[in-house]
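The chain contents come next:
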Amino acid sequence: MSKSVTGEKPLGLRIGESVFCVGYLITMMILGFVFLTKAIKGFSNSDLRADYYLYTSLAALTLVLGDAFHLIPRIVQNVRGEREKDAFALGLGNLISSITMTITYIFLFLAVHFATYPFYSTEETFMAEGFRQVILILLLVLATVRVVLCIFPQNRWFDGVGDQRWALLRNVPFTAMGIVTVVYLVRFYMSGVDMANGEGLFFSFLPYSRFLMMAILVVVSFLCYLPVVLAGKKKPKLGMLMIPKTICYIWLICLFFDLT
């Protein structure tokens, strides 16, 4: 039997962290299946929102299933105590969640795409489609680079230490994905403002103001995520920032509920 490692977290902190992780996994799983159910009904009823629901559900389920690979080992570790051999399971979980979190942003883009695309006027369709294609290509290229960088052994996922240089390197394209996503969301928010001022046309399943809130949540999530990735090993207390980061993702998915 392997020995417990030193520096084990206090019992109260382990319990609180575990409760939060379980609550997050259950909540996001429920949200994902709710949207999936809506998608299945939408396809059977020829509802224009079917694709929108589908990609929202894929975003939620991809995110939560990937996170489960590193949160469940962490919960188990909190219950039984830290062990030296846990480094591999936690490292594998972090690798998988890094990849699935990247894919989630592609699905989020597609969810926004199908929330707005069917309602563009004929005059705006050409320009809007060109903008979407550019954004999609950028996201796909950045996502590919990010995933490739994640699977390099130099990341040292499994030794419990990692490599800070590679952590920085692999998060450059991921941060760029966040910036591109924010630009995309703000673009549609501003289109809604133009519509309100009578200067353009913008229709969506969602109130246009939600796009600004989504952009803000993406920014906040990255502001919480990057310090943990880049300095969390040296300053473990930074790990607490993952709580608001996780709340941002739950809030973000909730904003995709339409009002009809």
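Details of the structure are given in the entry above.
Model, not experiment: these values are computed from the prediction.

We now examine the nonpolar core. Nonpolar side chains tend to gather and get buried jointly when the protein is soluble and globular. The biggest cluster of nonpolar side chains holds 57 residues, and the ones touching the most others in it are Met28 and Phe256. Each residue touching Met28, except ones within four places of it in the same chain, is listed here: Ala60, Leu63, Val64, Tyr249, Ile250 and Ile253.

Our next topic: the packing of aromatic side chains. Counted according to the given criterion, the structure contains 21 aromatic pairs. Summarising the aromatic geometry, the rings of Tyr105 and Phe222 are spaced 5.9 Å apart at their centres and angled 55° between planes, so their arrangement reads as tilted. Note that Tyr105 is positioned in helix α3 (residues 86–116) and Phe222 in helix α6 (residues 209–231), a separation of 117 residues in sequence. Accessibility classification places Tyr105 together with Phe222 in one group, the buried group. When the ring of Phe188 is compared with that of Phe211, the centres are 6.2 Å apart and the planes differ by 45°; the resulting orientation is tilted. With Phe188 in helix α5 (residues 164–196) and Phe211 in helix α6, this residue pair connects regions lying 23 residues apart in the sequence. Take Phe211: its relative accessible area is 0%, and that puts it in the buried class. Through a chain of ring-to-ring contacts, three or more aromatic side chains come together here, namely Phe35, Tyr52, Tyr53, Phe205, Phe256 and Phe257. The positively charged end of Arg146 is found above the aromatic ring belonging to Phe174, 4.4 Å away from the centroid. Lying across the ring of Phe188, Arg187 places its NZ or CZ 5.2 Å from the centre.

Further remarks concern empty space enclosed by the protein. A full pass over the atoms with the stated rule returns one cavity of 30 Å³ or more. Size it by volume and the largest cavity reaches roughly 40 Å³. As for the largest cavity, its lining consists of Leu108, Val112, Thr181, Leu185, Met214, Val218, Leu252 and Phe256. Looking at the lining of the largest cavity, the elements with two or more residues in it are α3, α5 and α6.

So, on to the pattern of salt bridges. Using the criterion set out here, one finds four salt bridges in the structure. Across the pair Arg156 and Asp159 runs a salt bridge, and its minimum N-O distance is 2.6 Å. By relative accessible area, which is 38% here, Arg156 ends up partly exposed. The closest approach of N and O atoms between Asp163 and Arg165, which form a salt bridge, is 3.7 Å. Put simply, Asp47, Arg49 and Asp258 are held in one network by salt bridges that share partners.

Moving on, we get to a nonpolar patch on the surface. A cluster of nonpolar side chains, Leu13, Met240, Ile243 and Ile247, forms an exposed patch at the surface whose accessible area comes to about 330 Å². Structurally, Met240 is set in the loop between α6 and α7 (242–254).

Turning next to the environment of Thr102. Residue placement: Thr102 occurs in helix α3. For the pair Thr102 and Gly178, spaced 76 residues apart in sequence, the C-alpha to C-alpha distance is 9.6 Å. Reaching out from Thr102, the side chain makes a polar contact with the backbone oxygen of Ser98 at a distance of 2.7 Å.

About the thresholds
Residues numbered from 1 in each chain as written. Predicted model: local features only at pLDDT ≥ 70, side-chain atom pairs only at ≥ 80, totals over all residues. Heavy atoms only, no water. Core = buried A, V, L, I, M, F, W, Y, C linked by side-chain atoms within 4.5 Å. Buried < 20%, exposed > 50% of the residue type's maximum accessible area, 1.4 Å probe, protein only. Contact = heavy atoms within 4.5 Å. Phe/Tyr/Trp six-rings, centres within 6.5 Å; stacked < 30°, edge-to-face > 60°. Helix = DSSP H or I, 4+ residues; strand = E, 2+ residues; numbered from the N terminus. Lys NZ or Arg CZ within 6 Å of the ring centre and 35° of its normal. 1 Å grid on protein atoms, 1.4 Å probe; cavity = no way out; pocket = protein on both sides within 12 Å on 5 of 7 lines; lining within 4 Å. Points joined across faces, edges and corners; volume = space filled by probe spheres on them. Salt bridge = Lys/Arg side-chain N within 4 Å of Asp/Glu carboxyl O. Patch = residues over 30% accessible without salt bridge, like charges linked within 9 Å, V, L, I, M, F, W, Y side chains within 5 Å. Areas by Shrake-Rupley, 256 points an atom, 1.4 Å probe, with all protein chains shown as cover. Polar contact = N/O pair within 3.5 Å; in protein donor to acceptor, adjacent residues only side chain to side chain.

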